[in-house]
Amino acid sequence: MTPPLDDEKYSRQILFAGVGPRGQQRLLSAGAVIVGCGAIGAAVANLLTRAGVGQLRILDRDFVETSNLQRQILFDEHDAREALPKAVAAERKLRALNSDLQIEGVVADLNAKNIEELLSGFPLILDGTDNFETRFLINDFAVQTGTPWIYAAAVASYGLSFVVRPRQTACLACLLESGGAPGLEETCDTVGVLGPIVNLVASLEAAEALKLLSGNASALHGRLISCDVWSGHLQAVQPERNPVCRACARGEYRYLQGKVQPQITMCGRDSVQIHERRRVLDLPALEKRLSSTIAGVRQNGFLLRFRVAPYEMTVFSDGRAIVKGTQDPAVARSLYAKYIGA
Ligand SMILES: [Zn+2]
């Protein structure tokens, strides 16, 4: 149900000619799904919640750590101490910011199997991810279903954003699979990232989202904007569609189809993620069992953590696990088998 128009709460946004009372009413009846709630995702979620976008779903697979706090504006030291899943911590913060809205945090790792269930029904998909595997998966889904999505990425002091409107603009495959625009090869785990660039890129993304969701698609600038807050370099280009693009021209959705997600993926600089076949773990029971042999096992209802030096293992209630302290899938697999079970 669309919340009533609160003139006071949104007064400054309603005064802005591009939005007005009509645009605000449309925002309140609109919705978006944000994939990934790290730095960019959290900043976009914050802006759209304050702007009054009626329904927001926030997906994230990770939990809050101290090293996130420098740039991930929805989280605080308490969230990091509790190792709360980002989706859970984000939902709590966002509800406190604006109680009019329907806000739902979902702890999940987006993949080809669950993408339809998690993204269907939303008129806009927003990129808060940190990897191209997931972005190409979103792009395939968006192009196939004709749903607009907004690409946004940042690393070090550099970032970019672009609105993909399937078959009207270039898509991510047009941009990156034909050797045109630059991708971002490095990751935040290798070269770091500054808070100002993620917030700038998130602002570019949120502004385009507000245009789309308030009924102002004609105001979209259509450009891929890239910027470097350290050098001061700014660029805006209008990317061309690739007439033979495998996704938006030929309809080959290779990230959606047939590609079974690998069971083990790298996750950051020194971690391995294990995607078990989906199963429900009884975390309190696991805590009890592990505590008989391991000191300091902690469990918060969403995830369970323990250290077996030099490794740290975090297990989610859906069976997924992140093993820190190794890059070797075999080590991660054997730790999982030993402590969690096959
Ligand atoms: Zn394309």
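Shown above is the structure to which this text applies.
So, here is what we can say about the structure in this document. Counting restarts for each chain, with residues numbered from 1 along the sequence as it is written. Note on the predicted model: pLDDT of at least 70 is required for a residue's local features to be given, and 80 or more for side-chain atom pairs to be given and counted; whole-chain, interface and lining totals, by contrast, use all residues. For the side-chain quantities, the full set of heavy atoms in the structure was used; hydrogens and water were omitted.

### Things to note about the coordination of the zinc ion
Only nitrogen, oxygen and sulfur atoms within 2.8 Å of the metal, or 3.2 Å for Na, K and Ca, are treated as donors, and water is left out, so sites may look incomplete. Each protein donor to the zinc ion is listed here as Cys171 (SG), Cys174 (SG), Cys245 (SG) and Cys248 (SG); together their distances run 2.3 Å. For a four-donor site, all angles between 85 and 135 degrees give tetrahedral; for four or six donors, opposite pairs above 155 degrees with the remaining angles between 65 and 115 give square planar or octahedral; all remaining cases count as irregular. Coordination at the zinc ion is tetrahedral: its 4 donor atoms span angles of 97 to 120° at the metal. Sequence spacing of the donors to the zinc ion: C-x2-C-x70-C-x2-C. Remark: cysteine 248 occurs in the loop between strand E8 (233-237) and strand E9 (264-266) and cysteine 171 occurs in the loop between strand E6 (158-164) and helix H8 (172-176); sequence separation between them is 77 residues. Numbering of helices and strands runs from the N terminus, with a helix taken as a DSSP run of H or I at least four residues long and a strand as a DSSP run of E at least two residues long.

### So, the packing of aromatic side chains
Any two aromatic rings considered together are summarised by their centre-to-centre distance and by the angle between their planes. Pairing of aromatic rings covers Phe, Tyr and the six-membered ring of Trp, with a centre-to-centre limit of 6.5 Å; geometry is then stacked below 30 degrees between planes, edge-to-face above 60, and tilted otherwise. Across all of its chains, the model carries 6 aromatic pairs by this definition. Look at phenylalanine 136 and tyrosine 255: their rings are 5.2 Å apart centre to centre, the planes differ by 15°, and that puts the pair in the stacked class. In this pair, phenylalanine 136 is assigned in helix H7 (residues 132-145) and tyrosine 255 in the loop between E8 and E9, connecting sequence segments 119 residues apart. Of the two residues, phenylalanine 136 and tyrosine 255, neither departs from the other in class, the shared state being buried. Residues tryptophan 149 and tyrosine 151 carry aromatic rings whose centres are separated by 6.1 Å and whose planes lie at 45° to one another, so their mutual orientation is tilted. Accessible area is worked out with a 1.4 Å probe on protein chains only. A residue is then buried under 20% of its type maximum, exposed over 50%, and partly exposed in between. By relative accessible area, which is 0% here, tryptophan 149 ends up buried. These aromatic residues form a ring-pair network of at least three members: Phe132, Phe136, Trp149, Tyr151 and Tyr255. The cationic tip of arginine 135 hangs over the ring face of phenylalanine 132; the distance from NZ or CZ to the ring centre is 4.7 Å. Only Lys NZ and Arg CZ are tested; either one counts as a charge over a ring when it is within 6 Å of the ring centre and within 35 degrees of the ring normal. Lying across the ring of phenylalanine 316, arginine 320 places its NZ or CZ 4.1 Å from the centre.

### Re the pairing of strand E1 (residues 31-35)
Counting buried positions over the 5 residues of E1 gives 5, a clear majority of the element. Burial along E1 is two-sided: Gly31, Val33 and Val35 and Ala32 and Ile34, pointing in opposite directions, are all buried. Across 5 bridges, E1 lies against strand E2 (residues 55-60) in parallel orientation. Within the sheet, the bridge partner assigned to valine 35 lies in E2 and is leucine 59. Handedness of the E1-helix H3 (residues 39-51)-E2 crossover: right-handed. Here, a strand pair is defined by DSSP locating no fewer than two bridges between the strands. Handedness of a crossover is defined as follows: orient the strands so they point away from the viewer, and if the path from the first strand over the helix to the second runs clockwise, the crossover is right-handed.

### Quick notes on the pattern of salt bridges
The rule for a salt bridge is simple: a side-chain nitrogen of Lys or Arg has to be within 4 Å of a carboxyl oxygen of Asp or Glu. Scanning the entire structure with this criterion turns up 14 salt bridges. A salt bridge links glutamate 104 to arginine 57; its shortest N-O distance comes to 2.9 Å. Taken together, the positions of glutamate 104 in strand E3 (residues 102-107) and arginine 57 in strand E2 put the pair 47 residues apart, joining distant regions of the chain. On the basis of relative accessibility, which here comes to 33%, the residue glutamate 104 falls in the partly exposed class. A relative accessible area of 15% means that arginine 57 is categorised as buried. Close ionic contact of aspartate 140 with arginine 246 constitutes a salt bridge, the shortest N to O distance being 2.8 Å. In this pair, aspartate 140 sits in helix H7 while arginine 246 sits in the loop between E8 and E9, placing the two residues 106 residues apart along the sequence. When sorted by exposure, aspartate 140 lands in the same class as arginine 246, which is buried. One salt-bridge network, in which partners are shared between bridges, spans Asp76, Asp79 and Lys93.

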